[in-house]
Amino acid sequence: MQVRAAVALQAGKPLELTEVTLDGPKAGEVLVELKATGICHTDEFTRSGADPEGLFPVILGHEGAGVVVEAGPGVTSVHKGDHVIPLYTPECRQCPSCLSRKTNLCTAIRATQGQGVMPDGTSRFSIGREKLHHYMGCSTFANFTVLPEIAVAKIREDAPFDKVCYIGCGVTTGIGAVINTAKVTPGAKCVVFGLGGIGLNVIQGLRLVGAGMIIGVDVNNARKQWGERFGMTHFVNPNEIGRDLVPYLVDLTKSAADAIGGADYTFECVGNVKLMRAALESCHRGWGESVIIGVAGSGEEIATRPFQLVTGRVWRGSAFGGARGRTDVPKIVDWYMDGKIEIDPMITHTMPLADINKAFDLMHEGKSIRSVVIY
Ligand code: NAD
Ligand code: 022
Ligand code: ZN
């Protein structure tokens, strides 16, 4: 079939709107009509050419929501008409990783997903004779896409696509890091570094679990009101405190009962390796845990003194919020529909596919929290 897509033909160039050919689903795959997609950082990381593993030409996008229009042979868990969210972290429930219960990083289709092809090693997208790459197993910058059955989460039918698409990456990443990765407990003192599309979701996750102190750190003062809107209790602009950030945060978290100071949990939501160090070192001696969510440039390294870890601080990483997509994403959709979490105010811009390049400009200018394309 012919579908409408925004194609990244070459690194560093704007996406091009064009018709592309999409082959139907093979065994174990589903054809999904996308109704909305968010535009996230990693799409821009790849589009710009900064991603050394980026493949071109490619259909980017990994934060979608839509409807199954056809199920290939052997598909049993979803059917035509089901509403779904594509998963860049699939959940096969059979691989050693899924069975371990220790990680959400399913390995069933990992190799082919990284190579920009479907599990059978081929692409469903083409323009004439030229094949296009899939992206993070999703390719949501097209009005139809093909996905492995294990890479879709079936969701309730009354959930609005133009909002719950954000659960396909940002919302789950932020809230999941709090609940699944850090397992934050009520009353905890927490610091969130970077108040963008991820950090604000960490903040609302901390509010949800009843954290006691929620300190937000950002160099952009406009983000203070944003943080407060979702439960932040204190704001720190590192450029305006007149001293080093780490001792400032350690002092801020000190109490009469415990003069050592330091956070119970910190979250790095920027992708800056210096900030990752500050996030670890702002943790409380003996038990503080720091979760790295931000994706740093390739080849970058993190550093700290071993003393920081020997004295009981913990460094962790979190991918897709530690969420098992087919199991956890439908629950997060329910939380949204029940009013337990917010999404609407974070979607600052919507646009038709034809204007998708504007979403990248808004991201660069720091003007958007999330832009969503509505098909
Ligand atoms: P964003 O651009 O919306 O937000 C980043 C925020 O950090 C901005 O508010 C910016 O002002 C602030 N900032 C920049 N430099 C800073 C500094 N030195 N100190 C303090 N604040 C600073 O980005 P986002 O969408 O929130 O994404 C954040 C990171 O999370 C990205 O690296 C993204 O790739 C990553 N991410 C990771 C996962 C995962 O599964 N691990 C999933 C999604 C996104
Ligand atoms: C999503 N991300 C950033 C912004 N939006 C993001 C990027 C990378 C990961 C998670 C979220 C990530 C963490 C760990 C891995 N990835 C490796 C997973 C594995 O090896 O099993 C990651 C993922 C997908 C892809 C690349 C890296 C891909 O499909 N190309 C989950
Ligand atoms: Zn993303």
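Scroll up to find the structure this text is about.
Computed from a predicted structure; not experimentally measured.

A.B. asks: Where do I start with the site of ligand 2 in this structure?
C.D. replies: Near ligand 2 the following residues occur: Cys40, Thr42, His62, Tyr88, Thr89, Leu105, Arg110, Gln113, Met136, Cys169 and Ala319. Within the side chain of His62, an N or O atom sits 3.2 Å from a nitrogen atom of ligand 2. Gln113 is positioned with one of its side-chain polar atoms (N or O) 2.9 Å from an oxygen atom of ligand 2. In isolation ligand 2 exposes 630 Å². Once the protein is present, 68% of that is buried. Partitioning the shell around ligand 2 into residue classes produces six nonpolar, four polar and one charged.

A.B. asks: Even after reading the chapter, I still don't get the site of ligand 1, so can you show me in this structure?
C.D. replies: Near ligand 1 you find 25 residues, and of these His41, Ile198, Asp218, Ser318 and Phe320 are the closest. The contact in question runs from a nitrogen atom of ligand 1 to an N or O atom on the backbone of Ile293, over 2.9 Å. Separating a nitrogen atom of ligand 1 from a backbone N or O atom of Ser318 is a distance of 2.8 Å. Notes on ligand 1: free accessible area 870 Å², of which the protein chains cover 82%. A class-by-class count of the residues in the shell around ligand 1 yields 13 nonpolar, nine polar and three charged.

A.B. asks: Help me out: how do you make sense of the coordination of the zinc ion (ligand 3) in this one?
C.D. replies: Cys40 (SG), His62 (NE2) and Cys169 (SG) make up the full set of protein donors to the zinc ion (ligand 3), lying at 2.1 to 2.3 Å. Bound by four donor atoms, the zinc ion (ligand 3) shows angles of 98 to 126° at the metal and therefore tetrahedral coordination geometry. Counting along the primary sequence, the residues that act as donors to the zinc ion (ligand 3) give the motif C-x21-H-x106-C. A residue pair is termed long-range when its members are at least 10 positions apart, and Cys40 in the loop between strand S3 (29-39) and helix H1 (41-47) and Cys169 in the loop between helix H4 (161-164) and helix H5 (170-182) qualify at 129 residues.

A.B. asks: Help me understand the pattern of salt bridges, please; the structure alone is not making it clear to me.
C.D. replies: Pairs can form between side chains of opposite charge whenever their charged atoms are close. As enumerated under the stated definition, the model contains 21 salt bridges in all. Asp120 serves as the salt-bridge partner of Arg124, at 3.2 Å between the closest nitrogen and oxygen. Judged by its relative accessible area of 1%, Arg124 falls in the buried class. Between Asp355 and Lys358 there is a salt bridge; the shortest N-O distance is 3.7 Å.

A.B. asks: Any chance you could explain the sheet that holds strand S1 (residues 2-7) here in plain terms?
C.D. replies: Strands sit in the order S1-S2-S6-S7 across an open sheet of four strands; the sheet is antiparallel. Looking at which strands have only one partner, the edges of the open sheet turn out to be S1 and strand S7 (130-131). The pairing of S1 with strand S2 (residues 16-22) spans six bridges and is classified as antiparallel. What sits directly across from Gln2, in S2, is Thr21.

A.B. asks: How do you make sense of the side chain of Ser139 when you look at a structure like this?
C.D. replies: Tracing the sequence through the fold places Ser139 in the loop between S7 and strand S8 (144-148). A distance of 2.7 Å separates a polar atom in the side chain of Ser139 from the backbone oxygen of Ile59. When neighbours within four sequence positions are excluded, Ser139 is seen to be in contact with Leu34, Ile59, Leu60, Gly61, Phe125, His133, His134 and Thr145.

A.B. asks: Teacher, can you tell me more about the sheet that holds strand S15 (residues 314-317) here?
C.D. replies: Remark on secondary structure: sheet strands pair via backbone hydrogen bonds, oriented parallel or antiparallel. The strand order across the open sheet formed by six strands is S12-S11-S10-S13-S14-S15, and the pairing between neighbours is parallel. Both outer strands of the open sheet, strand S12 (234-236) and S15, are each paired with one neighbouring strand and no more. For this sheet, the mean inter-axis angle between neighbouring strands, taken without regard to orientation, is 20°. As defined by bridge partners, strand S11 (residues 213-217) adjoins S12 across three bridges and the pair is classed as parallel.

A.B. asks: Mind showing me how you'd approach the packing of aromatic side chains here?
C.D. replies: For any pair of aromatic rings, the description rests on two quantities: the centre-to-centre distance and the angle between the ring planes. Here the structure, examined in full by the defined rule, presents two aromatic pairs. On the numbers, 5.0 Å between centres and 55° between planes, the contact of Tyr88 with Phe320 is tilted. In this pair, Tyr88 sits in the loop between strand S5 (83-86) and helix H2 (96-100) while Phe320 sits in the loop between S15 and helix H11 (325-337), placing the two residues 232 residues apart along the sequence. Accessibility assignment for this pair places Tyr88 and Phe320 in one class, buried. With a centroid separation of 6.4 Å and an interplanar angle of 10°, the aromatic rings of Trp226 and Phe230 are classed as stacked.

A.B. asks: Teacher, can you tell me more about unusual backbone geometry here?
C.D. replies: Both trends apply: most residues other than glycine have a negative phi, and most peptide bonds are in trans. The residue after Phe56, namely Pro57, is reached through a cis peptide bond having omega -10°. With respect to the element layout, Pro57 can be found in the loop between H1 and strand S4 (63-71). Of note in this structure, Met136 is not a glycine but carries a positive phi near 50°. As for its position among the elements, Met136 is in the loop between S7 and S8. Positive phi is not limited to glycine here, since Ser139 has a value of about 50°.

Scoring rules and cut-offs
Residues numbered from 1 in each chain as written. Chains lettered and ligands numbered in written order. Predicted model: local features only at pLDDT ≥ 70, side-chain atom pairs only at ≥ 80, totals over all residues. Heavy atoms only, no water. Near = heavy atom within 4 Å. Polar contact = N/O pair within 3.5 Å; in protein donor to acceptor, adjacent residues only side chain to side chain. Areas by Shrake-Rupley, 256 points an atom, 1.4 Å probe, with all protein chains shown as cover. Nonpolar A, V, L, I, M, F, W, Y, C, P; charged D, E, K, R; others polar. Donors = N, O, S within 2.8 Å, 3.2 Å for Na, K, Ca; no water. Tetrahedral: all angles 85-135°; square planar, octahedral: opposite > 155°, others 65-115°. Helix = DSSP H or I, 4+ residues; strand = E, 2+ residues; numbered from the N terminus. Salt bridge = Lys/Arg side-chain N within 4 Å of Asp/Glu carboxyl O. Buried < 20%, exposed > 50% of the residue type's maximum accessible area, 1.4 Å probe, protein only. Pairing = 2+ DSSP bridges. Contact = heavy atoms within 4.5 Å. Axes fitted to C-alpha atoms, helices over the stretch in contact; angles between N-to-C directions. Phe/Tyr/Trp six-rings, centres within 6.5 Å; stacked < 30°, edge-to-face > 60°.

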